[in-house]
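# Close look at the chain arrangement
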Amino acid sequence: MQSLTKVNKDFPNISSSFELLKFLKDENLLEKHPEFWWPSATDFEILIGAILTQNTKWTNVEKSLKNLKKLNALSLEALCEIDLDIFIQAITPSGFKNQKSVRIKQLAKNILEDFSSFENFCDNVSKEWLLSQKGIGLETADAILCYACHKEFMVVDKYTQRLVSNFGFEFESYEDLQAWCEYGINENFDKIIELYGYEISLNKLFCRFHGKIIEFMKSNKL
Ligand code: 39A
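Residues numbered from 1 in each chain as written. Predicted model: local features only at pLDDT ≥ 70, side-chain atom pairs only at ≥ 80, totals over all residues. Heavy atoms only, no water.

### A short note on the domain arrangement of the chain
Note the cut-off: Domain start and end points were adopted from an automatic or database domain assignment. Pairs of residues are marked as contacts when any of their non-hydrogen atoms sit within 4.5 Å. Joining two parts hides part of their accessible area as seen by a 1.4 Å probe, and the buried area is that hidden amount summed over both. Each salt bridge in this description consists of a side-chain nitrogen of Lys or Arg and a carboxyl oxygen of Asp or Glu lying within 4 Å of one another. Nitrogen and oxygen atoms within 3.5 Å of one another constitute a polar contact, given that in protein one can donate a hydrogen and the other can accept it, and given that sequence-neighbouring residues count only through two side-chain atoms.
You can read the domains of the chain as domain 1 (2-31 + 154-220) and domain 2 (43-148). Taking only C-alpha atoms, the centre of domain 1 and the centre of domain 2 are 27 Å apart. Of the residues lining the interface, 14 residues belong to domain 1; the matching set on domain 2 comes to eight residues. Counting each side, the surface lost to burial between domain 1 and domain 2 is near 770 Å², with a carbon and sulfur contribution of 59%. One can count zero salt bridges joining domain 1 with domain 2. Linking domain 1 to domain 2 there are five residue pairs in polar contact (both at pLDDT 80 or more).

### A few points about the nonpolar core
Stated formally: Throughout this description, the term nonpolar core refers to a set of buried Ala, Val, Leu, Ile, Met, Phe, Trp, Tyr and Cys residues connected via side-chain atoms within 4.5 Å. Accessible area is worked out with a 1.4 Å probe on protein chains only. A residue is then buried under 20% of its type maximum, exposed over 50%, and partly exposed in between.
If you look at the biggest cluster of nonpolar residues, it comprises 76 residues, and the most contacted ones within it are Leu20, Leu24, Leu47, Ile48, Phe121, Leu130 and Ile144. Two domains each provide a minimum of three residues to this core, namely domain 1 (2-31 + 154-220) and domain 2 (43-148). In this view, Leu20 contacts Ile14, Leu163, Val164, Phe167, Trp180 and Phe209; residues no more than four positions away in its chain are not counted.

### Some points on the packing of helix H2 (residues 43-52) against helix H6 (residues 97-115)
Each pair of packed helices can be summarised by the angle the axes make with each other and by the distance between the axes. Heads up, the rule is: In this analysis an axis means a line fitted to C-alpha atoms, helices contributing only their contacting stretch, and an angle means the value between N-to-C directions, from 0 to 180 degrees. A helix here means a DSSP run of H or I that spans at least four residues, while a strand means a run of E at least two residues long, and both kinds are numbered starting from the N terminus. Put simply, a crossing is left-handed when the front helix is turned counterclockwise from the back one by less than a right angle, and right-handed when it is turned clockwise. Throughout this entry, Asp, Glu, Lys and Arg are counted as charged residues, while Ala, Val, Leu, Ile, Met, Phe, Trp, Tyr, Cys and Pro are counted as nonpolar. The remaining residues, Gly among them, count as polar.
H6 packs onto H2 with a crossing angle of 145° between their chain directions and a minimal axis gap of 10 Å. You can see that H2 and H6 cross each other, and the crossing is right-handed. For the pair formed by H2 and H6, the contact residues are Leu47, Ile48, Ile51 and Leu52 on the first element and Lys100, Ile104, Leu107 and Ile111 on the second. Residues that form the contact of H2 with H6 fall into these classes: seven nonpolar, no polar and one charged.

### A word on helix H13 (residues 202-218)
Since the α-helix packs 3.6 residues into each turn, any two residues three or four apart lie on the same face. Filter applied, for reference: Here a helix's expected span is defined as the number of its residues, less one, multiplied by 1.5 Å.
Relative to the 24 Å expected for 17 residues at 1.5 Å per residue, H13 spans 24 Å between its end C-alpha atoms, a close match to the ideal helical length. Along H13, 16 of the 17 residues are buried, which leaves the element largely enclosed by surrounding structure. Taken from the residues just after H13, Asn220 is the one with a positive phi, measuring 60°.

### A look at the layout of surface pockets
We apply this condition: As defined here, a cavity is a set of points on a 1 Å grid over the protein atoms alone where a 1.4 Å probe fits but cannot get out. A pocket is an open set with protein on both sides within 12 Å along at least five of seven lines, and residues line them when an atom is within 4 Å of a point. Grid points are joined across faces, edges and corners, and a volume is the space filled by probe spheres set on the points.
Estimated volume of the largest pocket: approximately 630 Å³. Listing elements by their share of the lining of the largest pocket, those giving two or more residues are helix H9 (138-148), helix H10 (158-166) and H13. Of all the elements, H13 adds the most residues to the lining of the largest pocket, at four residues. For the lining of the largest pocket, the per-class residue count stands at nine nonpolar, seven polar and six charged. Residues lining the lining of the largest pocket come from more than one domain, with at least three contributed by each of domain 1 (2-31 + 154-220) and domain 2 (43-148).

### Details of the packing of aromatic side chains
Selection rule: Paired rings are identified among Phe, Tyr and Trp, the last through its six-membered ring, by centres lying within 6.5 Å, and are further divided according to the angle between planes into stacked (under 30 degrees), edge-to-face (over 60) and tilted (the rest). Only when the NZ atom of a Lys or the CZ atom of an Arg is both within 6 Å of the ring centre and within 35 degrees of the ring normal do we say a charge sits over the ring.
Tallying each qualifying case throughout the model produces 18 aromatic pairs. Between Phe23 and Phe216, the aromatic rings sit 5.7 Å apart at their centres with planes inclined by 75°, giving edge-to-face as the arrangement. Placement of the pair is Phe23 in helix H1 (residues 17-25) and Phe216 in helix H13, with a sequence separation of 193 residues. You'll find Phe23 and Phe216 in the same group, each marked buried. Sitting over the ring of Tyr196, Lys25 keeps its end group 4.3 Å from the ring centre. Lying across the ring of Tyr159, Lys158 places its NZ or CZ 4.6 Å from the centre.

### A look at the pattern of salt bridges
Tallying each qualifying case throughout the model produces four salt bridges. As a salt-bridge pair, Lys204 and Glu35 come within 2.5 Å of each other at their nearest N and O atoms. Of this pair, Lys204 sits in helix H13 while Glu35 sits in the loop between H1 and H2, and the two are 169 residues apart along the sequence. When its relative accessible area of 13% is taken as the criterion, Lys204 is described as buried. A salt bridge links Asp142 to Lys127; its shortest N-O distance comes to 2.8 Å. With Asp142 in helix H9 and Lys127 in helix H8 (residues 127-131), this pair connects stretches of sequence that are 15 residues apart. For the pair Asp142 and Lys127, one class covers both residues: buried.

As structure tokens, then:
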């Protein structure tokens, strides 16, 4: 359920996520970023990055991913085979190394067992399957679905929550905030296409909307 609180006076009044998107779009926050915002060479890297990024800074994740690339460990098979101690050492920069290493290795094993390949996983995985995996909560599941599997899910995180609260919106749950973000975009999809001036998929829009939110929050404009 959504409720209105005191609005930050430096911000315009907004009544929907569509208006929030318009506000952020005018800030030109993604000019130096990839099309789908999440920086990565491959979708597989996004899957691993989505777990490594839990409770740490993105720069630390980049260090861990660089180490994993050097070890040629960025595939399901390589993750299953890699020695646990070597893997732990590689992902040390992103913290919670013991917990994350065991969870990532187990996830790789489960994906191979249930889907046979990463491509088949991306095409067929459900949110329920992801949530049944140890260490994957709502935000990580949505990050994997949105950025690695290119599905129409919008990630909402602590940055999203803080930003909308500065516009006067409070939500009781992750799902409520996500529903608010997605609803305003879905309802105004035609207007958004007009605004962009070219066809843009809903998935790409969700990626860019979430990316704009993170970049806005990191720019310390609040
Ligand atoms: N928290 C984050 C990030 N911050 C990020 N970037 C910056 C680029 N990514 C990709 C994921 N999670």
